[in-house]
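The residues making up each chain are set out below.
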Amino acid sequence: MMGDTRCPELEDHDCGNDKLPADPKLVRDLLLHLDAYKSMGSNGIHPRVLRELADVIVRPLSIIFQWSWESGEVPVDWKLANIVPIFKKGKKEDPGNYKPVSLTSVPGKIMEKIMLGVIEKHLKDNAVIGHSQHGFVRGRACLTNLISFYDKVTHLVDQGKPVDVIFLDFSKAFDTVSHGILLDKMSSIQFDKNIVQWVSNWLTGRAQRVMVNGVTSGWRPVTSGVPQVFILVLFNVFINDLDVGLEGVVSEFADDTKLGGAVDSVKGGEALQRDLDRLGNWAITNRMRFNKRKCWILYLGRGNPGYTYRLGDEMLETSHAERDLGGLGQQQVEHESTVCPGCQEGQPYPGVHQAWHC
């Protein structure tokens, strides 16, 4: 059976009364939409086998999924992963030219997709994710991120105010998420106890090994990072309080963060520095690190004083152009025409020129 492999949409379900929206019809649809060409996980069960036997295994799998939800326990088999190095480019002898791909249990992935729908529904119904986050939130995207941020920035420049924009980059953000801190944050935003209990067990006792040409390493525990299917949604939960207390204009797309503010007075530069200090403290508290080599300052507007800023104990460098989610923001001292998302083509912005390629 080699039909459409697109995954069916998970409908909104009420997960009250300890009932998981994992009825046999949904499980069967997910089985039939498995990609038969994907690799098998550490349990050695190929997705094509599960797809071909969908009608036979759908009911026992549904029972297992419901049991896992009610008990808050995840089978050990679902927590194991084979890490396979995939060559990117360059010299094959250099380990740095390979990217690691995690292969996990296919039934476990199906359960994860069901749980993902439950978590997304909770976040949507309770408006958990803040307005500054545009990454992987329904109704928001790259374009809304750019429009909302640069609308405020260019408005300040239109008023004749110089503006500093600081681009921030986390170092291996998705791989360094602390499981304990993530679970604490899930509890603090009133996730259903079943969700927190299941995710807690799912994150506990995870292990992985490297596999090359059929030869495997020993198992190693995994104590940080977010497994692939939940990376985007749970990372948004983890980073949701990043903008608390910030004075400037802030916008996020997952871990890509930018901060801006008017610097027509010394107080403006001091406010941006206070925001950087708060962000630095947030990173320390949440066991994250900024990649300071990829954090830049972009000076915009006429008469920009060119204030310097530090992140922790390191001074940030300046840039004349910075690529931002597919757009290129450039420092410009002359009056230029701008093509900006949400604006009329050729509308002038004094002191700032941006070329957008979204």
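Everything here concerns the structure above.
As the structure is a prediction and not an experimental result, all values here were calculated from the model.

Peer 1: Quick rundown of the environment of Phe253? Include the residues and the values.
Peer 2: Mapped onto the elements, Phe253 comes out in strand 7 (residues 249-253). Overall, Phe253 belongs to the buried group, its relative accessible area being 17%.

Peer 1: Which residues make up the nonpolar core, and what are the values?
Peer 2: Across soluble globular proteins, you tend to see nonpolar side chains buried next to one another. Of all hydrophobic cores here, the largest spans 72 residues; its most connected members are Leu31, Phe65, Met186 and Val199. Here this core gets nine residues from one element, more than from any other, and that element is helix 4 (residues 106-125). Excluding residues that lie within four positions of it along the chain, Phe65 makes contacts with Leu20, Ala22, Val27, Trp78, Pro107, Ile110, Met111 and Ile114. Phe149, Tyr150, Val165 and Leu298 belong to the second largest nonpolar core, which has twelve residues in total.

Peer 1: Describe the packing of helix 1 (residues 24-32) against helix 4, naming the residues involved and giving the relevant values.
Peer 2: The geometry of helix 1 relative to helix 4 is characterised by a closest axis approach of 11 Å and an angle of 125° between their N-to-C directions. Here helix 1 is positioned oblique relative to helix 4, judged by the angle of their axes. The two elements helix 1 and helix 4 cross, and the hand of that crossing is right-handed. Note on element contacts: helix 4 touches helix 1 through Ile110, Lys113 and Ile114, opposite Leu26, Val27, Leu30 and Leu31. Looking at the contact of helix 1 with helix 4 residue by residue, the classes come out as six nonpolar, no polar and one charged.

Peer 1: I'd like a description of a nonpolar patch on the surface, backed by residues and values.
Peer 2: A contiguous nonpolar surface patch, about 330 Å² in accessible area, is contributed by Ile45, Val49, Leu53 and Val56. Its location among the elements puts Ile45 in the loop between helix 1 and helix 2 (47-52).

Basis of the calculations
Residues numbered from 1 in each chain as written. Predicted model: local features only at pLDDT ≥ 70, side-chain atom pairs only at ≥ 80, totals over all residues. Heavy atoms only, no water. Helix = DSSP H or I, 4+ residues; strand = E, 2+ residues; numbered from the N terminus. Buried < 20%, exposed > 50% of the residue type's maximum accessible area, 1.4 Å probe, protein only. Core = buried A, V, L, I, M, F, W, Y, C linked by side-chain atoms within 4.5 Å. Contact = heavy atoms within 4.5 Å. Axes fitted to C-alpha atoms, helices over the stretch in contact; angles between N-to-C directions. Parallel < 35°, antiparallel > 145°, perpendicular 65-115°, else oblique. Left-handed = near helix turned anticlockwise from the far one by under 90°. Nonpolar A, V, L, I, M, F, W, Y, C, P; charged D, E, K, R; others polar. Patch = residues over 30% accessible without salt bridge, like charges linked within 9 Å, V, L, I, M, F, W, Y side chains within 5 Å. Areas by Shrake-Rupley, 256 points an atom, 1.4 Å probe, with all protein chains shown as cover. Salt bridge = Lys/Arg side-chain N within 4 Å of Asp/Glu carboxyl O.

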